[in-house]
Amino acid sequence: MRRFLTVFLMALSPGLAQMDWLSGLDWGGISANLQGVGQVMSCDPGSLAQLDFSQPSLVLRGVYRVAKCVLCLTLKMCGLPDDMLYPAAWGEVLQGFRGGREVLIVGSGAGVKALTDYLIAALGGGACQNISYGGVPIYTCPEGGIQVSRAFVVTDPATAREVRAKLQSLQDPNLFKVVGVGGERDSPELSRVLLGLPMVYAERPFLFAPGYSPPDRWLWLTFDGPTTNKVLLVLRLATQYAASAAQREEEVR
Amino acid sequence: MARGVAVAVPGALALLLFFSGAWGNGPTYEDWTKYLLSAPDYRLEQVLRGKWPYLEVVRKDRLREYQKGPCDPQQDPQGCQGRMPWPQAQAHEFYLPMSSLEATREVARELRKAWQRFEERYYWRVITELNNPAFWFAYCFAGIRGPELNPPTPEARLMVPSEGVDTAFLQAATRPGSLDVGRWASAGLHSLDRYLPVPQVEPREFCDGLGMQILPLMYIPGFKVLLQGHEVFRTPGYPSRPLWFNWDEANARVERAMEKALTEYYLDYQKEVARILLTPRPGTPQEVQNLLPGGDFRNLASPRVYLPVPWQGHLLGGGSVVAPVYTELVPTDPTALWDQIQSLWNTYKGLMDRAGSEVERVYYHVHFYRAARTLFDSRAFYGLPGMEVVKENLVNLVEAPLRSLTQTIPVLRGCAGDLDQLASCAALALRRVDLAVKGVGNLQELLGGSAQVEPIKASRESPGLWKFEEAKRWLPPASLPVYEAFGYASFFQAQNLLEATTVPDIRNVDLSSVNLGNWISWAWNQLSRLVVYWHVPLTIDARVEYCPPCVIAYPSLPLEGPVQPLAIPPYVLPFALERTHWRWVSVPEGYEVPGVRGTPYRPLGDLSALTSLVDLSAFYRVLLGR
């Protein structure tokens, strides 16, 4: 127990050391930090009480922003990025949809469904306000529409079926290529792939965390240069493993 | 950056095309369900004589070839065209020894612990290498560490895999509303129990090859200058930003550490998983046999034994590691047994009420009654006090509702007599209804107003009445006599799935109970594993002191906080490799075993590189006597 306590205190000491304003000693910083306590209110801690827990992305963003603001004001720790990854504005994502290039959407479930709904409606020319997702029906079609040369959607078979059904409304049926991962029975153990974090590639890669809101309110993240290198590293390893898995497929047959 | 992205996308596309292209439209049901569970007949008396209980599975395609009879291509080249080689057709039966549920839960716990170890090693390698030398001193040299990893034993949650259950049954059962089919027992468990600000593994786990590294210089600290206590200058971004930061070195360190973790430490994870999954415990057949005291069923209890069968192994692209499980060999407490039977009844009734037609709903009383009566008449319970009460309970449970139901359907109205006669009569009536559905007889006359669209006995090879059988996929793990009487068995299965996520898993948020505590702990987990470089800003305080009067300038720790985090890309650790998941599934007798591919007892070549494989066929031959 004593050892645990020592370790605990040692681990906490950097944190405790920061709280010199608590120690009651006037080292010169105390008044400045007391002002900091007053400033905490400017971080809008009240927003924590109004978090929408049905929307993971917004909760993450809310908690992170308050925590970051409080750390910055009281402990003068301001080195954390504005979001946990580089956040992307919805405008940047839309920009990708307008370039007339190929678009790739990967992920499963409602988020991918809502996003493809949006694309299909916008490509089909308007009527975006008819889309409803989680009871939030207000989508506005982007001004000037969107142009993509081809859209690939990789998703679970149930979503794939629904998306395919909706493609009928498009003039060009070949505009979308929909791949259902998980075989005819929608089970990850058939394809041995769990679709992880949902991703969109439109000129550059974006990760998104959907919520019960239109896509423009979702949390959109993008990679920056140094991040890309590391994502590449992971992808390279994953490709290696996938290749050896393909060899095992042969062995099993 | 543009070049990096340009490379990233073909990489991602190649990966996706592998998974989408390799199977065309995806693997089909037939590819995955080649094995039938056959006769869970445990020969309970044999168990008393020291033979370990086992299950039998039959490979469908080989069985069909076998039933066609032998074929020698040298004597009859014409007739043997398109036939499987005879020795292959002969090898259509496989024997799987039973393991205890508790032992498989223990295996699941170790699998979870192996993941936790990897997760800790991954993060602490990256953060220690990045923050060298400060963290090297703290964690590698001084050895500051938290408590050992000690995850609780995971719950055995049943899953009804969608690739196993008949789609027609699933459609029928989900018609009234959505139905819980469970999920992988491992879902959401690839995480630590507590995210502490100190490593929970030994220093040597992540300090290997790491020495104190002072050069290259990582940063020039940010500072502010005070003159007689009044600030006169501060560097831009002080105190959060250092004056200069060696971004190239920081990125190189993170990348180097990630590569090490994702290759070496990940390989260790794979090895550990292979060892945990494929090592039988206890380690020798004699030790296993010693756990079977002969003489009386009541001495059997539930020996903790894990006897895995590699169905080509758990690796991606392979099959699974499988172990059929029992909760106890033979139940000895009639009250507990009755509770269990009641829970089976509730599950069964709930499902058949959803999926069955009116006449099928009558019949599940019969089906259940017959199975439970067989169970209670089992030799395992001879002379067990309290069984009479249990038998009475069964009659009370079934008789009254069955009698009242028979009055509503014309074909059943003539059924009378004691409960056994009633049951036989109802079974015969059901057969007439089935024939009528298939075109022999007048359905309207038999059923009156109610409808029967689907055949009751399906036109497929599997035995029994398919709906009643499929429903058994929802029954939980039980003891040997229960499996025998109800005609099903439960399996523990483990296999690797490829997933792309972050570490800790950003999706691991429990939405089932929405409360602030859940969210705060989730946010803490995420924030406590950010990739940050800690730097120390300085204060330079210049004062005129009485020494005799002279000017002294000295650096001191800043009052705003001695250490400051600087987030380094990728901020959160990515992970996109295979990891081991596990689950418990139930399989009706004569029906397809889900989630297995390839051939039992034939481990993949890659597995021998991961662990020293025990010859399980030889191990089990001693135990099973075959």
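Everything numeric here is computed off the predicted structure, so don't read it as measured data.

Caption draft 1: Examining the overall build of chain B more closely. When helices and strands are tallied, chain B shows 21 helices and 16 strands. Relative to its 626 residues, chain B shows a buried fraction of 44%. Restricting to contacts in chain B with at least 6 residues of sequence separation, those with at least 24 account for 77%.

Caption draft 2: A look at the domain arrangement of chain B. Residue and element names in this part refer to chain B. Domain parsing of chain B yields domain 1 (31-53 + 98-328 + 492-624) and domain 2 (334-478). Computed over C-alpha atoms, the centres of domain 1 and domain 2 are 45 Å apart. Between domain 1 and domain 2, the contact holds 22 residues from the first and 20 residues from the second. Listing elements by their share of the side of domain 1 that touches domain 2, those giving two or more residues are helix H8 (167-174) and strand S16 (573-588). A class-by-class count of the residues in the side of domain 1 that touches domain 2 yields 17 nonpolar, four polar and one charged.

Caption draft 3: Layout of the confidence of the model for chain B. Residues and elements named next belong to chain B. On average, residues of chain B carry a pLDDT of 84, and 89% of them reach 70 or more. The element-level mean pLDDT for chain B is lowest in helix H1 (residues 2-21), coming to 45, with helix H6 (residues 101-130) highest at 96. With pLDDT under 50 throughout, residues 17-25 is counted as low confidence; its partners more than four residues away or in other chains account for 12 contacts. For this predicted complex, the interface confidence reaches an ipTM of 0.75, while the overall pTM sits at 0.83.

Caption draft 4: Looking closely at the environment of Tyr122 of chain B. Residues and elements named next belong to chain B. With respect to the helices, strands and loops of the structure, Tyr122 is situated in helix H6. On the basis of neighbour count, Tyr122 is assigned to the buried category, with 23 C-beta atoms found within 10 Å. Sequence-wise, Tyr122 and Arg473 are 351 residues apart; in three dimensions their C-alpha atoms are separated by 39 Å. Discounting chain neighbours no more than four positions away, the residues touching Tyr122 are Ala261, Tyr265, Val503 and Leu573.

Caption draft 5: Main features of the confidence of the model for chain A. Residue and element names in this part refer to chain A. For chain A, per-residue confidence averages 70 on the pLDDT scale, and 60% of positions sit at 70 or higher. Per-element averaging of pLDDT across chain A places helix H2 (residues 30-39) at the bottom with 54 and strand S2 (residues 102-106) at the top with 85. Between residues 14-31, whose pLDDT stays under 50, and residues either more than four places distant or in other chains, the model counts 17 contacts.

Caption draft 6: Molecular detail of the pairing of strand S6 (residues 223-227) of chain B. Residue and element names in this part refer to chain B. Bridge analysis of S6 against strand S7 (residues 230-234) gives four bridges, and the strand direction is antiparallel. Opposite Lys224, over in S7, you have Arg234 as the bridge partner. Count of turn residues in the S6/S7 antiparallel hairpin: two residues, of which Gln228 carries a positive phi of about 50°.

Caption draft 7: Helix H5 (residues 110-123) of chain A, seen in detail. All names here are of chain A. The first and last C-alpha atoms of H5 sit 20 Å apart over 14 residues, in line with the 20 Å expected at 1.5 Å per residue. In terms of burial, H5 is largely enclosed, as 12 of its 14 residues are buried. Those residues of H5 not exposed but buried are Gly111, Val112, Lys113, Ala114, Leu115, Thr116, Asp117, Tyr118, Leu119, Ile120, Ala121 and Ala122. Contacts from the buried residues of H5 go to S2, strand S3 (150-155), helix H6 (157-166) and strand S7 (204-209).

Caption draft 8: The arrangement of the environment of Arg253 of chain B in detail. Along the polypeptide, Arg253 of chain B turns up in helix H10 (residues 247-278). Those residues within four positions of Arg253 of chain B in sequence are excluded, and the remaining contacts are Glu129 and Leu130 of chain B.

Caption draft 9: How the structure looks around the sheet that holds strand S2 (residues 54-59) of chain B. Residues and elements named next belong to chain B. Taken together, three strands build an open sheet; the order of strands is S1-S2-S3 and the sheet is antiparallel. In this open sheet, the two strands that pair with only one neighbour each are strand S1 (35-38) and strand S3 (93-97). In this sheet, adjacent strand axes meet at a mean angle of 30° when their direction is disregarded. The sheet contact formed by S2 and S3 spans five bridges and is antiparallel.

Criteria and cut-off values
- Residues numbered from 1 in each chain as written.
- Chains lettered and ligands numbered in written order.
- Predicted model: local features only at pLDDT ≥ 70, side-chain atom pairs only at ≥ 80, totals over all residues.
- Helix = DSSP H or I, 4+ residues; strand = E, 2+ residues; numbered from the N terminus.
- Buried ≥ 20, exposed ≤ 12 C-beta atoms within 10 Å, placed from the backbone.
- Contact = placed C-beta atoms within 7 Å.
- Domains from an automatic or database assignment.
- Nonpolar A, V, L, I, M, F, W, Y, C, P; charged D, E, K, R; others polar.
- pLDDT = per-residue confidence, 0-100.
- Pairing = 2+ DSSP bridges.
- Expected span 1.5 Å × (residues − 1).
- Axes fitted to C-alpha atoms, helices over the stretch in contact; angles between N-to-C directions.

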